[in-house]
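Listed here are the chains, written in short residue letters.
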Amino acid sequence: MKIAIIGGGTCGLYLAWKLSEMAHEVTVFERKEKIGKEVCSGLFSKRILDFFPQSEKLIQNNIRYVLIHFPKRQIRVDFSKNFFVMSHFELDNLIYRKAKEAGARIVLNRNIKTKDLVEIQKDFDKIIGSDGSFSIVRKSQNLSQKEYRLALLGLTPSVLKSDYVEAWPIKKGFIWKIPRGEEIEYGIIGPKDQAQPMFEAFLKKNNICLKEKKSSFVSQGFALPCSQKITLCGEAAGLTKPWSGGGVIWGLTAADMLLESFPDFERYRKMVKQFFLPKIFFSKIVNNLVYLLGFRFPWIFPKKVKIESDFLI
């Protein structure tokens, strides 16, 4: 089949790689001039090696737990699977090389508009939208709008070699600190109109000076079209963790379901809904409860707990 993938991020390139290995003719349309996501913490659970064993060489640090700093309580949360700190930019380029080697055609600097999808539908048998938060493919299918939060991050030099990250909860988000080998990353995810001033206040209070800060929007709001011609994967489908905004493992898990069911997009839609909807529902409840208790009744929490790294359940 002739397959068009809109978006050359992690999920889009992974699908291009695997579908090309299945002998399909794959073309990826990427709006940027180069491959690689730069506004991302690159904090992936050990599951990333199940998808990309080659990424082991990209590991900068090994993270076993997170310290969550509520105003009146500190909680240690251990992960069932350790997290790895990697460069998301380098990971995407690793997958890009794999996709190219498998025979996928990658078209850079090609910003697909809604009107372009009409012509693409004529030329391709299947279309997969993997074009991120503001997905044109999703919009073309008249699906519900997503919720958006703003993420900002920056780096400061440091020789800190710790095996944990830190987080300070805020309204609908949190501030984080991640040791990255020879640097420390500070960042925030929160309401788009409040995240920046809250982050600046935190940095000023703690006398932290960051190199160039970068920003991006993180979306949530799961939806897939009822179509055998067009589907979505990754952040375009709203598959991000309600508590952290991370979406790589969730997106790749959905991508494997797409590959398993291909070319039946309706079967893929049912598989993803059955797997993810209970997890989204449960994790939203848990996230809201943790924030409520953490700020109002922090003494309820034990000082140390353990969670499933990617899915909570």
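Nothing here was measured: the structure is a model prediction, and the numbers come from that model.

About the criteria used
- Starting afresh in each chain, residues are numbered from 1 along the sequence in its written order.
- Totals for whole chains, interfaces and linings use every residue, but because this is a predicted model, local features are given only for residues with pLDDT of at least 70 and side-chain atom pairs only at 80 or more, for both listing and counting.
- Side-chain numbers come from the whole structure's heavy atoms, not from hydrogens or water.
- Type-normalised accessible area, obtained with a 1.4 Å probe on protein chains alone, sets the label of each residue: buried when under 20%, exposed when over 50%, and partly exposed for intermediate values.
- In DSSP terms, a helix is any run of H or I states spanning at least four residues, a strand is any run of E spanning at least two, and both are numbered starting from the N terminus.
- Note that the arc is defined by the directions from the helix axis to the C-beta atoms.
- Any pair of residues with heavy atoms lying within 4.5 Å of one another is described as a contacting pair.
- Aromatic contacts are taken between Phe, Tyr and Trp rings whose centres are within 6.5 Å, Trp giving its six-membered ring; a plane angle under 30 degrees counts as stacked, one over 60 as edge-to-face, and the others as tilted.
- In this scheme, the term charge over a ring applies when either NZ of a lysine or CZ of an arginine sits within 6 Å of the ring centre and within 35 degrees of the ring normal.
- Salt bridges are defined by distance alone: a side-chain nitrogen of Lys or Arg within 4 Å of a carboxyl oxygen of Asp or Glu.
- Polar contact is defined as a pair of N or O atoms within 3.5 Å, subject to the rule that within protein one atom must be able to donate a hydrogen and the other to accept it, and that residues adjacent in sequence are counted only when both atoms are side-chain atoms.
- Between any two strands, pairing holds if DSSP finds at least two bridges.
- Here, axes are lines fitted to C-alpha atoms. For helices the fit covers the stretch in contact, and angles between N-to-C directions go from 0 to 180 degrees.
- The residues that make up patches have over 30% relative accessible area and no salt bridge, and they are joined within 9 Å when like-charged or within 5 Å when they are Val, Leu, Ile, Met, Phe, Trp or Tyr.
- Under the convention used here, a 1.4 Å probe and the Shrake-Rupley method define accessible areas, while residue burial counts only the protein chains that appear.

Chemist: For this particular structure, what's the right way to read helix α4 (residues 114-123)?
Modeler: Since there are 3.6 residues in each turn of an α-helix, residues three or four apart along the chain are aligned in direction. For α4, the complete set of buried residues consists of Asp-116, Leu-117 and Ile-120. Projected onto a plane normal to the axis of α4, the buried residues spread over an arc of 105 degrees and lie on a single side. What points out from α4, more than 90 degrees from its buried face, is the exposed set Lys-115 and Lys-122. Among the structural elements, β1 (2-6), β2 (25-29), β7 (126-129) and α5 (136-140) are those in contact with the buried residues of α4.

Chemist: Please clarify how the packing of aromatic side chains should be interpreted in this entry.
Modeler: What characterises a pair of aromatic rings is the spacing of the ring centres plus the angle enclosed by the ring planes. Under the definition given, this model contains 24 aromatic pairs. Between Phe-29 and Phe-124 the ring centres are 6.2 Å apart and the planes differ by 85 degrees, which places this aromatic pair in the edge-to-face class. Placement of Phe-29 in strand β2 and of Phe-124 in the loop between α4 and β7 is noted, with a sequence separation of 95 residues between them. Taken individually, Phe-29 and Phe-124 each receive the classification buried, so the pair is uniform in this respect. Arranged with centres 5.1 Å apart and planes meeting at 55 degrees, the rings of Trp-168 and Phe-202 form a pair that is tilted. Placement of the pair is Trp-168 in strand β9 (residues 164-170) and Phe-202 in helix α6 (residues 195-205), with a sequence separation of 34 residues. Take Trp-168: its relative accessible area is 22%, and that puts it in the partly exposed class. Note on Phe-202: relative accessible area 12%, which makes it buried. A cation over an aromatic ring shows up here: Lys-126 above the ring of Phe-265, its NZ or CZ 4.5 Å from the ring centre. Geometry around Phe-275 places Lys-279 over its ring, the cationic atom sitting 4.0 Å from the centre.

Chemist: Help me understand the pattern of salt bridges in this model?
Modeler: Opposite charge on two side chains allows them to pair when their charged atoms are near. Counted under the stated rule, the structure contains 16 salt bridges. Among the ionic pairs, Arg-47 bridges to Asp-310, the shortest N-O distance being 2.6 Å. With Arg-47 in the loop between β3 (43-45) and α2 (48-51) and Asp-310 in the segment after β14 (304-307), this pair connects stretches of sequence that are 263 residues apart. Arg-47 sits in the buried class, given a relative accessible area of 16%. Across the salt bridge formed by Asp-116 and Arg-110, the nearest N and O atoms sit 3.8 Å from each other. Because the salt bridges share partners, they merge into one network encompassing Arg-47, Lys-241, Glu-308 and Asp-310.

Chemist: Help me understand unusual backbone geometry, please; the structure alone is not making it clear to me.
Modeler: One can expect most non-glycine residues to show negative phi and most peptide bonds to be in trans. Look at the link from Phe-262 to Pro-263: it is a cis peptide, with omega at 10 degrees. Mapped onto the fold, Pro-263 is located in the loop between α7 (248-261) and α8 (265-296). Of note, Ala-23 is a non-glycine position whose phi angle comes to about 75 degrees, a positive value. Mapping Ala-23 onto the fold places it in the loop between α1 (10-21) and β2. Residue Ala-23 is classed as exposed on the basis of its relative accessible area, which comes to 69%. At Asn-142, a position not held by glycine, the phi torsion is positive, near 55 degrees. Along the chain, the position of Asn-142 falls in the loop between α5 and β8 (147-157). You can call Asn-142 exposed: its relative accessible area is 70%.

Chemist: Sorry, what's going on with the side chain of Ser-309 here?
Modeler: Within the fold, Ser-309 resides in the segment after β14. Residue Ser-309 is classed as buried on the basis of its relative accessible area, which comes to 3%. At a separation of 2.7 Å, a polar atom in the side chain of Ser-309 contacts the main-chain carbonyl oxygen of Lys-81. Each residue touching Ser-309, except ones within four places of it in the same chain, is listed here: Ser-45, Phe-79, Ser-80, Lys-81, Phe-83, Lys-241 and Trp-243.

Chemist: Please clarify how the sheet that holds β1 should be interpreted in this entry.
Modeler: Sheet strands line up and pair through hydrogen bonds in the backbone, either parallel or antiparallel. The five strands lie next to each other as β6-β2-β1-β7-β13, forming an open sheet whose pairing is parallel. Across the chains shown, the open sheet's two edge strands, defined by having one partner strand only, are β6 (105-107) and β13 (230-232). Ignoring strand direction, the axes of neighbouring strands in this sheet form an average angle of 20 degrees. Relative to β13, α8 is tilted by about 25 degrees, and along the sheet it contacts β7 and β13.

Chemist: What's the story with a nonpolar patch on the surface in this structure? I'm lost.
Modeler: There is a patch of nonpolar side chains on the surface, built from Phe-297, Trp-299 and Ile-300 and spanning about 350 Å² of accessible area. Structurally, the position occupied by Phe-297 is in the loop between α8 and β14. The partly exposed category is assigned to Phe-297, whose relative accessible area is 36%.

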